[in-house]
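Observations on chain architecture
The chain contents come next:
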Amino acid sequence: QVQLVESGGGLVQPGGSLRLSCAASASIFSINVMGWYRQAPGKERELVAIITTLGSTNYADSVKGRFTISRDNAKNTVYLQMSSLKPEDTAVYYCNVNTYHDMDYWGKGTLVTVSS
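Residues numbered from 1 in each chain as written. Predicted model: local features only at pLDDT ≥ 70, side-chain atom pairs only at ≥ 80, totals over all residues. Heavy atoms only, no water.

The tally for this structure, following the rule as stated, stands at one disulfide. Bridging C22 to C95, the disulfide has an S-S length of 2.1 Å. Between C22 and C95, the S-S dihedral sits near -80°, and the bridge is therefore left-handed. Placement of C22 in strand β3 (residues 18-24) and of C95 in strand β9 (residues 91-99) is noted, with a sequence separation of 73 residues between them. Summarising the burial analysis for this pair, C22 and C95 share the class buried. (Disulfide = S-S within 2.5 Å. Helix = DSSP H or I, 4+ residues; strand = E, 2+ residues; numbered from the N terminus. Buried < 20%, exposed > 50% of the residue type's maximum accessible area, 1.4 Å probe, protein only.)

A few words on unusual backbone geometry. For N76, which is not a glycine, the phi torsion comes out positive at approximately 50°. Considering the arrangement of structural elements, one finds N76 in the loop between β7 (67-72) and β8 (77-82). Positive phi, normally seen in glycine, also occurs at S84, with a value near 50°. Note that S84 resides in the loop between β8 and β9. Look at S84 and you get partly exposed, because its relative accessible area is 40%.

Now the structure itself:
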């Protein structure tokens, strides 16, 4: 049963842009917070950005001003627009959905590589 489907990762040069998408299946009810986390090689998973149903956002300091999170509630989809990418942004990016019933769902991850 597919829950979260991520897309948009890939290889990009420093200074470039990528847009990640994550669509939640209709089987996930009462979605509250949607977000993105990332895990670089040898490091722990960390928060990148989250967005509530009403559009309130929170970003990691390291991505403020460069990344923008948005969502389409009608499509149960969250996006992450990444600009001015740096090599240190290289990581596997995971989509996360939390519901009003405190259920937590994770995507399988999509690899973003920033390299020249």
